[in-house]
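Each chain, written out:
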Number of protein chains: 2
Amino acid sequence: MKPELKIFKIGGGIIDHEPDLLEFLRLFSEISRPKILVHGGGKGASEMMSRLGIAPRMVSGRRITDAATLELVTMYYAGKTNKQIVAALQSYGVNALGVSGADGNVIRAVKRSVREVDYGFVGDLSEASVDGGLIHQFLTLGLTPVFCAITHDGQGQLLNTNADTIAASVAKSLSQQYSVALHFCFEKNGVLADFNDEQSVISKITPESYDELKARKIISDGMLPKLENAFEALHFGVKKVIVEHALHINGELKTTLCLT
Amino acid sequence: MKPELKIFKIGGGIIDHEPDLLEFLRLFSEISRPKILVHGGGKGASEMMSRLGIAPRMVSGRRITDAATLELVTMYYAGKTNKQIVAALQSYGVNALGVSGADGNVIRAVKRSVREVDYGFVGDLSEASVDGGLIHQFLTLGLTPVFCAITHDGQGQLLNTNADTIAASVAKSLSQQYSVALHFCFEKNGVLADFNDEQSVISKITPESYDELKARKIISDGMLPKLENAFEALHFGVKKVIVEHALHINGELKTTLCLT
């Protein structure tokens, strides 16, 4: 039987509020090893850009990662946020190792090709992007990898990559060796049947019920790419995907996604 | 016989000038493994602080690492500089792993105690600070660790630590397992007998000749702490210490420090 591995992804909503972030990290420290954390960005980088007078570049309502933005998010995500999380986890007894995709060449991305929009320094992942073997070695050493959402192309270029995608890709790459549970943690109790009712958590979603929920427009726009990512991960061997509140990862209320 | 290990330390003078940094990294990529790189800061963090309107705090002519400064240098050193170096090394075929002292708890420091001056969030190292065992594991995995000058106290606090001190402490911690050569690389050809003559490199310094050079005031102020660090490293089992130009690490001109 494969050993269990838990991968948690947290987003900006938790990171932006330090007491919440520390509470999540404390809860995360109580989860048994092996485990992995993937964190997104948060508003801090944007705030620092505006303090520096760097205007965000938007095209068709989408944010563009130009050179100045990439420099700033690399500093913020890989420097401030990642090291703050690693230091806090160490204080909770977790031997965390902060990594970008460039470190150990652990996630090699491809710069998104320019079609209608040039997204700039954004990295997309493929099946071969993640070095699951090296992550396994880190886990074997008793380390808990903490990924920020910065990758590289192997040619010296750092790239900004979606943290949900990183979490799903890391989960897929390790699912041959581990029985992987992928936890998407955010500021809701799970996938809600009624967006305004935190108690209306849909406890289980299968591909069939997902199609139905989509057709009935019960699942909101922001959740769709996360769930698409999640079902793809399941199709690639990830054991289960859980959508839950970052501050109740040990609680009962959650949405479990599975294939059947 | 112990395997050889080369540890290189580069400072701000090289980091501030990107073409020089890339040329150094290219030369470093040609050095045989196992190897380690330690990098200092550079002017970028100070420039960003002034752009953000954060005034440097000085007491008795010494810079104080207050909370705002610590946040900025963590972003800059552990984020921008470290990841830029790691990505460039990857492009040169070196499987670099960027780490702060918090990552893997690899360097645990103690916040400098307040005597006449409160230096703020500055971390000092002791004999037990560096986890040489984990660094050895990284080297065994074929990785090349790249240290920035940020450490932590194990209680969740990141700390700013002198990069020369980190290099010497890492060298000492690995000298039981490896025959360690510690290379301090900067913008001079070595320790110069005449500060204005790049050809006046003193090829070898022993503790005896060091005392004499100090007495004759041939060694300048800035070099003294570096050499004190170096001799301490030698006393703790580091095989040799070399002071050389960062762009001529494969050249003939250099100063070798040894105990006899």
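Since this is a predicted model, take the numbers as computed values, not measurements. (Residues numbered from 1 in each chain as written. Chains lettered and ligands numbered in written order. Predicted model: local features only at pLDDT ≥ 70, side-chain atom pairs only at ≥ 80, totals over all residues. Heavy atoms only, no water.)

A. Seen up close, the packing of aromatic side chains. According to the stated counting rule, one finds 9 aromatic pairs over all chains in the structure shown. A ring pair is formed by B:Tyr210 and B:Phe231, whose centres lie 5.0 Å apart and whose planes are at 40°; its orientation type is tilted. Placement of B:Tyr210 in helix 7 (residues 207-215) and of B:Phe231 in helix 8 (residues 223-235) is noted, with a sequence separation of 21 residues between them. Both residues of the pair, B:Tyr210 and B:Phe231, belong to the buried class. Ring pairing ties together the aromatic residues A:Phe8, A:Phe24 and A:Phe28, which thus form one cluster. Its end group placed over the ring of A:Phe236, A:Lys172 keeps NZ or CZ at 4.8 Å from the ring centre. If you follow A:Lys226 out to its NZ or CZ, it ends over the ring of A:Phe186, 5.8 Å from the centre. (Phe/Tyr/Trp six-rings, centres within 6.5 Å; stacked < 30°, edge-to-face > 60°. Helix = DSSP H or I, 4+ residues; strand = E, 2+ residues; numbered from the N terminus. Buried < 20%, exposed > 50% of the residue type's maximum accessible area, 1.4 Å probe, protein only. Lys NZ or Arg CZ within 6 Å of the ring centre and 35° of its normal.)

B. Molecular detail of the relation of the copies chain B and chain A. Turning chain B through 180° and shifting it by 0.0 Å along the axis lays it on chain A, with an RMSD of 0.0 Å. Here the transformation between the copies is reduced to the relation of a two-fold axis. If distances are taken from each C-alpha of chain B to the rotation axis, the shortest is found for B:Gly79, at 1.8 Å. In this assembly the copies share their binding face: 100% of the residues contributing to the interface of chain B also contribute to that of chain A. (Least-squares fit on C-alpha atoms with pLDDT ≥ 70 in both. Contact = heavy atoms within 4.5 Å.)

C. The packing of helix 7 of chain B against helix 8 of chain B, seen in detail. All names here are of chain B. Put simply, helix 7 and helix 8 touch, their axes get as near as 12 Å, and they point 165° apart. One element, helix 7, and the other, helix 8, form an angle in the roughly antiparallel class. The two elements helix 7 and helix 8 meet at a crossing, and its hand is left-handed. On helix 8, the residues touching Pro207, Tyr210 and Lys214 of helix 7 are Leu224, Leu227, Glu228 and Phe231. (Axes fitted to C-alpha atoms, helices over the stretch in contact; angles between N-to-C directions. Parallel < 35°, antiparallel > 145°, perpendicular 65-115°, else oblique. Left-handed = near helix turned anticlockwise from the far one by under 90°.)

D. Spatial organisation of helix 5 (residues 132-140) of chain B. Residues and elements named next belong to chain B. Buried within helix 5 are the following residues: Gly132, Leu134, Ile135, Phe138 and Leu139. Along the long axis of helix 5, the arc covered by the buried residues comes to 160°, so they all point the same way. If you check the start of helix 5, you find a side-chain oxygen 3.1 Å away from the backbone N of Gly133, and it comes from Asp131. Directly beyond the C-terminal end of helix 5, a positive phi value near 85° is found at Gly142. (Arc of directions from axis to C-beta. Polar contact = N/O pair within 3.5 Å; in protein donor to acceptor, adjacent residues only side chain to side chain.)

E. Structural view of the interface of chain B and chain A. On the side of chain A, 40 residues touch chain B, which itself brings 40 residues to the contact. Each partner contributes to the roughly 3,000 Å² buried at the junction of chain B and chain A, and carbon and sulfur atoms together form 70% of this total. By the criterion of area lost to chain A, the three top residues of chain B are B:Leu52, B:Met75 and B:Lys83, representing 20% of everything that side buries. For the pair chain B and chain A, the interface holds 4 salt bridges. As a salt-bridge pair, A:Glu71 and B:Lys80 come within 3.5 Å of each other at their nearest N and O atoms. For the pair chain B and chain A, the interface holds 10 residue pairs in polar contact (both at pLDDT 80 or more). The biggest single contributor to the side of chain B that touches chain A is helix 4 (residues 67-91) of chain B, with 16 residues. Tallied by class, the residues present in the side of chain B that touches chain A amount to 19 nonpolar, 16 polar and 5 charged. (Buried area = accessible area lost by both parts, 1.4 Å probe. Salt bridge = Lys/Arg side-chain N within 4 Å of Asp/Glu carboxyl O. Nonpolar A, V, L, I, M, F, W, Y, C, P; charged D, E, K, R; others polar.)

F. Looking closely at the UniProt feature "binding site: substrate" (unreviewed entry) in chain A. Residues and elements named next belong to chain A. Within this numbering scheme, the UniProt entry marks Gly41, Gly42, Arg63 and Asn160 as carrying the feature "binding site: substrate" (unreviewed entry). With the annotated positions falling across 120 residues, the maximum pairwise C-alpha distance of 14.0 Å places them together in a single cluster. Turning to its location among the elements, Gly41 is positioned in the loop between strand 2 (35-39) and helix 3 (44-51). Looking at where Arg63 falls in the secondary structure, it is placed in strand 4 (residues 62-64). Residue classification places Arg63 among the partly exposed residues on the basis of a relative accessible area of 37%. Each residue touching Arg63, except ones within four places of it in the same chain, is listed here: Ser46, Met49, Pro56, Arg57, Met58 and Tyr119. (UniProt positions renumbered as here; feature names shortened; annotations may be inferred.)

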